[in-house]
Amino acid sequence: MSEELIRTEGLKQYFHVKNNFSRGVVKAVDGISLSIAKGETLGLVGESGCGKSTFGRTLLRLIEPTDGKIFYEGKDVTKGDFTPYRRKMQIIFQDPYASLDPRMTVADIVGEPLDIHKLYKNKKERKERIMELLRMVGLNSDHAQRFPHEFSGGQRQRIGIARALAVQPSFVVCDEPVSALDVSIQAQIINMLEEMQKKLKLTYLFIAHDLSVVKHISDRVGVMYLGSLVELAPSDELYRNPIHPYTQALISAIPIAKPKSEITTKRQILKGEIPSPLNPPSGCKFRTRCPMAKPECAEVVPQLHEVMPGHYSSCILK
Amino acid sequence: MENLLEIKHLKVSFFTPAGEVKAVNDISYTLGKGEILGVVGESGSGKSVTASTVMGLVESPGRIVGGSVIFDGKDVTKMSKQEIRSLRGREIGMIFQDPMTSLNPVYTIGAQIKEGLKLYYGLKGKEADKKAIELLKLVSINEPERRLKQYPHEFSGGMRQRVMIAMALAGNPKMLIADEPTTALDVTIQAQILEIIKELQKKINMSVMLITHDLGIVADKADKVVVMYGGRIVESAPCEEIFRNPAHPYTIGLLNSIPKLDSSDPLVPIEGTPIDLLNPPKGCPFAQRCQKCMKVCLSHMPPYTKISENHESACWLHDPRAKAAAGKEAVK
């Protein structure tokens, strides 16, 4: 594989919960080690509450990690001043309605990161840069002085993308960037993200719960369940040959927009609910819903191991 | 097949300070007994407003401006408030998109299910408990006796949606309206919920109106499909047919813009943004974004053209008159 850009070692994010109903520790991200190569798109899928967004945020130190290490270009950036790296590592948020300040104009939203990192010499240069960014994401200069409420969801997401790209990052966490958008608009944004990646040589961590979207955009895909990575493989390989029973169920549950008579695979429907992250099952966390669970699954905490070259799974049965 | 629901030329508008929003603009479709109808469309296409109209839930500034909704032989749009109330729950059940906010957080699940049972059948005490437990079993909730005494916050999203289904079925309705029932849920839970709806539909021969934006769900569960855009139905067909042989450019565009698992071809998005219903275009609502837009599309609303048995499309491309003129008038 080409040169590595981002690497995590045993990254952990624990939240202490204490209220009238319950107390304890939620292990939102429970020891994730992976690396992302330059120019690669790593997809991260999993159900809500599995810790995929928390992982993305921890990676950018928007929440300080409980334990583990983050490396950027081989350099440990877990501790100390993160500001210089924040310019290199950006994020696009899920909800284009909540992630833009309603009282700022589009120009100010896109210009704010430029102000923070002092990336212009004079006002004229700032303005030119903002216009260039807006054009890049398919908006025009008329839009600059408007406010977020004047835009549709897809256009707002474009503004969010322009803001993330303003500081010329090399790594962008895309946290469910299309799940709040209509289907016809989703494709526009996905295509734009792909185009930007090519043009600006970006590396993506693409977090989503929509497996078809992730398959489309990613080179490799990681599957998370209750804070742990259960499978990691090249995108095509993962969908063709899922090894972990959870991945198998997940892929089989995707509704496919095709005539029923053309679908040959049998749908596998998982029993039960996702266990509470406050009180996860012992051993393999998936065993309570796993159709293949054996007694030993309750005892051994499974570790990610290489099943085939480049294809990792944490299931102890395979 | 006998029709349970017939919507004829329905028009619903919202009269806002900024002007009239034609949320539903002259739509007609039917739903047969024991049939699952998939209603597909983007946000703002009018799919939920149609459902609200069937339930008599359109409120000011919204108003039914024309057309009729015939449910089981009676016109819902002409009913009094009292008559519509007796329809809700008993004849038509409804489940909503967001299971997190559709239940009352300060009442137990049992109390909320039993409220309906008391209203519909006058059931009280032990009898009501028994029936409520039965309903929870029907939607595969484990330990229903214990669950009845719990509050909504003790349930996960998928379980709340199942409780919603149980409540919707309490009155033994002839029709279930499921408005984006799984949008807020994860894929594995979504598969469970859809399976429950399908099973129940078979078991009690209920009609289902399944409103969704996910074409995959429709392909899997529906018998027939209507595709809505900008308050109009642009295409309607049996489910197999619409995926095998889509006719309207919008339907084709939708199918092309979703990523497929078995190919990595680039996505073909539908360019542009959804129409502004306050100032709808004069002709076809999709014309501005359509790759095959012709001159006539910008000025005249396309009529429905029959593509094949039960398959209709509202597009000038399929109109015999436009076919004759094709080639000369292409705008784009």
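Residues numbered from 1 in each chain as written. Chains lettered and ligands numbered in written order. Predicted model: local features only at pLDDT ≥ 70, side-chain atom pairs only at ≥ 80, totals over all residues.

Points about the confidence of the model for chain B
Part 1 of the argument: Per-chain confidence: chain B averages 89 in pLDDT, with 97% of residues scoring 70 or above.
Part 2 of the argument: Across the interfaces of the predicted complex, the ipTM metric reaches 0.81, alongside a pTM of 0.86. (pLDDT = per-residue confidence, 0-100.)

Points about the nonpolar core
Part 1 of the argument: Counting residues in each nonpolar core, the largest one holds 178 residues, and the members touching the most others are Leu205(A), Phe206(A), Ala166(B), Ile177(B) and Met209(B).
Part 2 of the argument: Looking at this core element by element, the count peaks at eight residues for helix α6 (residues 157-169) of chain B.
Part 3 of the argument: For Ile177(B), the residues in contact, after removing those within four places along its chain, are Ala51(B), Val54(B), Met55(B), Ile92(B), Met94(B) and Met209(B). (Core = buried A, V, L, I, M, F, W, Y, C linked by C-beta atoms within 7 Å. Buried ≥ 20, exposed ≤ 12 C-beta atoms within 10 Å, placed from the backbone. Helix = DSSP H or I, 4+ residues; strand = E, 2+ residues; numbered from the N terminus. Contact = placed C-beta atoms within 7 Å.)

Some words on the pairing of strand β6 (residues 89-92) of chain A
Residue and element names in this part refer to chain A.
Part 1 of the argument: Burial along β6 is two-sided: Met89 and Ile91 and Gln90 and Ile92, pointing in opposite directions, are all buried.
Part 2 of the argument: Judged from the four bridges that link them, β6 and strand β7 (residues 171-175) form a sheet pairing that is parallel. The residue of β7 that forms the bridge with Gln90 is Val172. (Pairing = 2+ DSSP bridges.)

Observations regarding the pairing of strand β4 (residues 62-71) of chain B
Residues and elements named next belong to chain B.
Part 1 of the argument: For strand β1 (residues 3-16) and β4, the ladder comprises eight bridges, and the chain directions are antiparallel. Each residue of the ladder has a partner; that of Ser13, found in β4, is Arg63.
Part 2 of the argument: As paired strands, β4 and strand β5 (residues 74-75) are joined by two bridges and run antiparallel to one another. Each residue of the ladder has a partner; that of Ile70, found in β5, is Asp75.
Part 3 of the argument: Counting the residues in the hairpin turn of β4 and β5 gives two residues, including Asp72, whose phi is positive at 50°.

Here we look at the interface of chain A and chain B
Part 1 of the argument: Facing 36 residues of chain A, the contacting portion of chain B comprises 38 residues.
Part 2 of the argument: At the level of secondary structure, the elements contributing two or more residues to the side of chain A that touches chain B comprise α5 (153-165), α6 (183-200), α7 (211-217) and α9 (245-252) of chain A.
Part 3 of the argument: Looking at the side of chain A that touches chain B, the element that brings in the most residues is α6(A), giving seven residues.
Part 4 of the argument: Class assignment of the residues belonging to the side of chain A that touches chain B gives a composition of 17 nonpolar, 12 polar and seven charged. (Nonpolar A, V, L, I, M, F, W, Y, C, P; charged D, E, K, R; others polar.)

Thoughts on the sheet that holds strand β1 (residues 4-18) of chain A
Residue and element names in this part refer to chain A.
Part 1 of the argument: Reading across the sheet, the four strands line up as β2-β1-β4-β5 and stay open at both edges, with antiparallel pairing between neighbours. Looking along the sheet, the strands with just one partner apiece sit at the ends: β2 (23-37) and β5 (75-76).
Part 2 of the argument: Taken together, the 12 bridges between β1 and β2 define a ladder with antiparallel strand orientation. In the sheet register, Leu11 faces β2, and the bridge partner there is Ile32.
Part 3 of the argument: The sheet strands contacting helix α1 (residues 52-59) are β1, β2 and β4 (67-72), and the helix crosses β2 at an angle near 65°. (Axes fitted to C-alpha atoms, helices over the stretch in contact; angles between N-to-C directions.)

Here we look at helix α1 (residues 47-54) of chain B
Part 1 of the argument: Of all eight residues in α1(B), seven are buried, a share of seventy percent or more.
Part 2 of the argument: Two residues or fewer after α1(B) comes Gly56(B), characterised by a positive phi angle close to 65°.

A word on the sheet that holds β4(B)
All names here are of chain B.
Part 1 of the argument: Taken together, the four strands give an open sheet; going across it, the order is β2-β1-β4-β5, and neighbouring strands pair in antiparallel fashion. In this open sheet, the two edge strands, each paired with only one partner strand, are β2 (19-32) and β5.
Part 2 of the argument: Of the strands in this sheet, β1, β2 and β4 touch α1, which is tilted by about 110° from β1.

A closer look at α9(A)
The α-helix advances 3.6 residues per turn, and as a result positions three or four apart in sequence lie on the same side.
Part 1 of the argument: Most of α9(A) sits out of view: six of its eight residues are buried.
Part 2 of the argument: The set of residues buried in α9(A) consists of Pro245(A), Tyr246(A), Thr247(A), Ala249(A), Leu250(A) and Ile251(A).
Part 3 of the argument: Tucked into the core, α9(A) has its buried residues touching α7, β9 (220-225), β10 (228-234) and α8 (235-240) of chain A together with α7 (187-204) of chain B.

A closer look at the environment of Asp223(B)
Residue and element names in this part refer to chain B.
Part 1 of the argument: Locating Asp223 in the fold gives a position in the loop between α8 (215-221) and β9 (224-229).
Part 2 of the argument: You can call Asp223 partly exposed: it has 19 C-beta atoms within 10 Å.
Part 3 of the argument: Setting aside residues up to four positions removed in sequence, Asp223 forms contacts with Glu35, Ile36, Pro238 and Cys239.

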